Amino acid sequence: MAQQLFARLEAGLVEAADPDRAPAMRAYLRGQFEFLGVPNPGVRAVVRAAEAGLPKPDQEQLRELALACWQRPEREYQYAALLLLRRHAKVLRPDFMDTARHLIVTKSWWETVDTIAPHVVGPIVARHPELVATLDQWNRGDQLWLIRTSILHQLAYGRAADAGRLFGYCAARADHPDFFVRKAIGWALRQHARTDPAAVRAFVAAHPELSGLSRREALKHLG
């Protein structure tokens, strides 16, 4: 079924392609990726049409489809794969983490990683808490996008977030020089401030080593 679904996605994306849009979309991501020129609503429509009448995919079919989409140069294929992974995240098991890692570190940029972290990795770890050991390793490592994923994976947890782990990850990488890590720290703290603003204020006050960017983002809505 993965091959059938991929064929439908390919046909739909090619039909929806708008070459006039492609240059601006490519420029938005600093020219790193090719585009067919299909805006996000169009990609969503293609995915809905491709799934119509087919049974829900299982993990192995999703894995095969995602890897096939990641091999294509046009970014819309990766967006389509992420829509399907997000939609069917409940079927993903712990052994999908290797595939998630591959998707994170391959053709990496913020817009794919920021979907995978809270909507693919996050749900898997929530169902299988033993996987926090993997996130611990990612946070301690040197790979930029794995560090960002470790910090952002709890974004959708709300009150179920493990504040100790969140604060620990942020503190561990507080002095990281890269913009994307500093921004992730601020974003994760800002999101947690929705449920526990006092804890975020206290954490920021206790960690002067946080970058100015991280601090501003964390306290953005706290006055």
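Here's what I pulled together on the structure shown here. The structure displayed is predicted, hence computed values, not measured ones.

1. What about the overall build of the protein?
Next up, step 1: What the protein contains, in helices and strands, is 13 helices and zero strands.
Next up, step 2: Beginning at the N terminus, the succession of helices and strands in the protein can be written as α-α-α-α-α-α-α-α-α-α-α-α-α.
Next up, step 3: Dimensions of the protein along its principal axes, counting C-alpha atoms only, are 55 × 40 × 30 Å.
Next up, step 4: The 223 residues of the protein split such that 49% are buried.
Next up, step 5: A fraction of 72% describes how many contacts in the protein between residues 6 or more apart in sequence connect residues 24 or more apart.
Next up, step 6: Positive and negative side-chain charges of the protein, numbering 30 and 24 respectively, have mean locations separated by a distance of 6 Å.

2. Things to note about the packing of helix α10 (residues 163–172) against helix α11 (residues 179–192)
Next up, step 1: Their axes nearest at 10 Å, the elements α10 and α11 cross at an angle of 155°. Viewed along their axes, α10 and α11 adopt a mutual orientation that is roughly antiparallel. Where α10 crosses over α11, the two elements pack in a sense that is left-handed. In contact with Ala-163, Leu-166, Phe-167 and Cys-170 of α10, α11 contributes Ile-185, Ala-188, Leu-189 and His-192.
Next up, step 2: Partitioned by chemical class, the residues of the contact of α10 with α11 number seven nonpolar, one polar and no charged.

3. Considering the nonpolar core
When a protein is soluble and globular, its nonpolar side chains tend to lie buried together.
Next up, step 1: If you look at the biggest cluster of nonpolar residues, it comprises 73 residues, and the most contacted ones within it are Leu-9, Leu-85, Val-121, Ile-151 and Leu-189.
Next up, step 2: With near-sequence residues (within four places) excluded, Leu-9 lies in contact with Val-46, Val-47, Ala-50, Leu-65, Cys-69, Ala-80 and Leu-84.

4. Here's the deal with unusual backbone geometry
Next up, step 1: With a phi angle near 60°, Arg-30 is a residue other than glycine that sits in the positive phi range.
Next up, step 2: As for its placement among the helices and strands, Arg-30 is situated in the loop between α2 (22–28) and α3 (40–51).
Next up, step 3: Positioned with a positive phi, Lys-107 is a non-glycine residue whose angle comes to about 50°.
Next up, step 4: Note that Lys-107 resides in the loop between α6 (97–105) and α7 (110–127).

5. Things to note about the pattern of salt bridges
Next up, step 1: One pass over the full model with this rule turns up 15 salt bridges.
Next up, step 2: Between Asp-114 and Arg-148 there is a salt bridge; the shortest N-O distance is 2.8 Å. Remark: Arg-148 occurs in helix α9 (residues 144–152) and Asp-114 occurs in helix α7; sequence separation between them is 34 residues.
Next up, step 3: Residue Asp-114 is classed as buried on the basis of its relative accessible area, which comes to 13%.

Rules and cut-offs
Residues numbered from 1 in each chain as written. Predicted model: local features only at pLDDT ≥ 70, side-chain atom pairs only at ≥ 80, totals over all residues. Heavy atoms only, no water. Helix = DSSP H or I, 4+ residues; strand = E, 2+ residues; numbered from the N terminus. Buried < 20%, exposed > 50% of the residue type's maximum accessible area, 1.4 Å probe, protein only. Contact = heavy atoms within 4.5 Å. Lys, Arg positive; Asp, Glu negative; His and termini not counted. Charge placed at Lys NZ, Arg CZ, Asp CG, Glu CD. Axes fitted to C-alpha atoms, helices over the stretch in contact; angles between N-to-C directions. Parallel < 35°, antiparallel > 145°, perpendicular 65-115°, else oblique. Left-handed = near helix turned anticlockwise from the far one by under 90°. Nonpolar A, V, L, I, M, F, W, Y, C, P; charged D, E, K, R; others polar. Core = buried A, V, L, I, M, F, W, Y, C linked by side-chain atoms within 4.5 Å. Salt bridge = Lys/Arg side-chain N within 4 Å of Asp/Glu carboxyl O.

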